[in-house]
Amino acid sequence: MAPIPNPIHGMRLSVELELELPPSPGGSAPFDLAAAVCSHGLFMMAPNRWDPAARALVRPLRLASDSSVSVLARISAHPARPGAALLVAVQRAGDLSSRDQDYILEQVRRMLRLSEEDGAAVAEFQAMHAAAREAGFGRIFRSPTLFEDMVKWTRTLAMATSLCELQSELQCSSSIEDFLSRTPPIREHKRKRSKSQSVRVKLETRFAEDKFEGPTLASGTSNDLTHSETDEDLSSLPSVASETGGPCDSLASLDTFVSGSEECIGDFPTPEELANLDEDFLAKRCNLGYRAKRIVMLARGIIEGKVCLEKLEKMCKISVPPAEEISTIESTYERINTELSAISGFGPFTRANVLMCMGFNHTIPADTETIRHLKQIHKRSSTISSVYQELDKIYGKYAPFQFLAYWFELWGFYDKQFGKISEMEPSNYGLFTASHLKKSKKKKKTALDSYS
């Protein structure tokens, strides 16, 4: 079906694309958009925006013809074919080339894990796990690119909001010189590179204001999303930060697509947009601290060819006979894990989560929240050194989908603790933290003590 431009709320034209859903293998649950999106805290991170009323996901996606350009996309169940297709409405003033259309749909497939291999894995897991099949659980939400997944696992979720604000500012600046003139002086001993290695960030329109300060983050930058660990923290999940418009036309306001929203959103920055920034400026602007250097180094490593994300993703797609599947999965996992360990700032927990985003479900990223879960739900006490033995005892029977079985339990616990996550308003995402879990548990204990 050819895309048909349609007006949306009288503002801009949208191009509607149909994404055919792969047929559900026998015995597996039909695809459910809310279950696929609201399956991991990554869906709460900017620039993602889940509309609980419309049951639609809104976020910017890149164009294949020009990776510096993003278009706002709204992903929902197809109204006429809800179980067979998704409708991807793209806000765009002009036509979309077939190449751009294909690339947009490719990004949607990655986020929702809609490949044939993903469908087969979901069916195999659900055949082992009746409760997961009944709930339609099996697809864990991720970003449209591996780079976005990697950066989001290196810092708090408030960082994602700040980076998207920064990306919007980059797009609204007239030139790289204009933008960098507002940054702190670059330390030459940290930035020595040949001209061939220099990355020029593409900037298109003008700044709205002569300042970088974004709106105050309502939930701060130090809370965590129920996970606390020794080398990296996954922190609070704030709603997408608000802005009051501006002259940028690359992305329209979210009120075009999301009911009740008046927000303007930038896209998550690309390696090209981050690689030429000074890490001191980035640390201050996005409250990243020492992690700013790690993010800039990762971006530069990708641009300079030292880190090849395409190669890493291709390594995940090697098909093998079923009899060799588990051993091959484990060996491929270790090869990629070794590659990731060479990247500054990628400790064991971050690497395990990035590998999960890449499709490996046999290893469970363990931290203190894992220990809490095992103690509270399974009555098993463990330490960070013994937790993997306990995880194997409980979830080993689901190999090679141990993570899916674990996450189904943990996410179900959060669903009961905070209310139906897919129905939660974005303004309440800041409540989805470990500190709130501890407060809630303490209140319940105090109430029981008072009662007794």
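Residues numbered from 1 in each chain as written. Predicted model: local features only at pLDDT ≥ 70, side-chain atom pairs only at ≥ 80, totals over all residues. Heavy atoms only, no water.

**Overview of the overall build of the protein chain**
Of regular secondary structure, the protein chain possesses 17 helices and eight strands. The buried share among the 452 residues of the protein chain stands at 54%. In the protein chain, the share of contacts with a sequence separation of at least 24, taken over all contacts with a separation of at least 6, comes to 70%. (Helix = DSSP H or I, 4+ residues; strand = E, 2+ residues; numbered from the N terminus. Buried < 20%, exposed > 50% of the residue type's maximum accessible area, 1.4 Å probe, protein only. Contact = heavy atoms within 4.5 Å.)

**Some details on the nonpolar core**
If you look at the biggest cluster of nonpolar residues, it comprises 106 residues, and the most contacted ones within it are Phe43, Val88, Leu112 and Leu282. No other element matches the ten residues that helix α16 (residues 402–418) contributes to this core. Ignoring anything within four residues of it in the chain, the contact list for valine 88 reads Val15, Glu16, Leu17, Leu19, Ala73, Arg74, Ile75, Ile104, Leu105 and Val108. (Core = buried A, V, L, I, M, F, W, Y, C linked by side-chain atoms within 4.5 Å.)

**Topic: the packing of helix α14 (residues 368–378) against helix α15 (residues 387–395)**
Packed helices, taken two at a time, are described by the angle their axes make and the gap between the axes. For the pair α14 and α15, the least separation of the axes is 11 Å and the interaxial angle reads 45°. When the interaxial angle is binned, α14 and α15 end up oblique. As for how α14 packs across α15, the hand of that crossing is left-handed. Where α14 approaches α15, its residues Thr370, Ile371, His373, Leu374 and His378 are matched on the opposing element by Val387, Glu390, Leu391, Ile394 and Tyr395. Among the residues forming the contact of α14 with α15, the class breakdown is six nonpolar, three polar and one charged. (Axes fitted to C-alpha atoms, helices over the stretch in contact; angles between N-to-C directions. Parallel < 35°, antiparallel > 145°, perpendicular 65-115°, else oblique. Left-handed = near helix turned anticlockwise from the far one by under 90°. Nonpolar A, V, L, I, M, F, W, Y, C, P; charged D, E, K, R; others polar.)

**Observations concerning α16**
Between the first and last C-alpha of α16 there are 24 Å, a value that for 17 residues agrees with the 24 Å anticipated at 1.5 Å per step. Among the residues making up α16, those that are buried are Gln402, Phe403, Leu404, Ala405, Tyr406, Trp407, Phe408, Leu410, Trp411, Phe413 and Tyr414. Of the residues flanking the end of α16, it is glycine 419, one or two places downstream, whose phi is positive at about 95°. (Expected span 1.5 Å × (residues − 1).)

**Some details on the packing of aromatic side chains**
Overall, the coordinates contain 14 aromatic pairs when judged by the stated rule. An aromatic cluster is built from Tyr395, Phe403, Tyr406, Trp407, Trp411, Phe413, Tyr414 and Phe418, whose rings are joined through pairwise contacts. (Phe/Tyr/Trp six-rings, centres within 6.5 Å; stacked < 30°, edge-to-face > 60°.)

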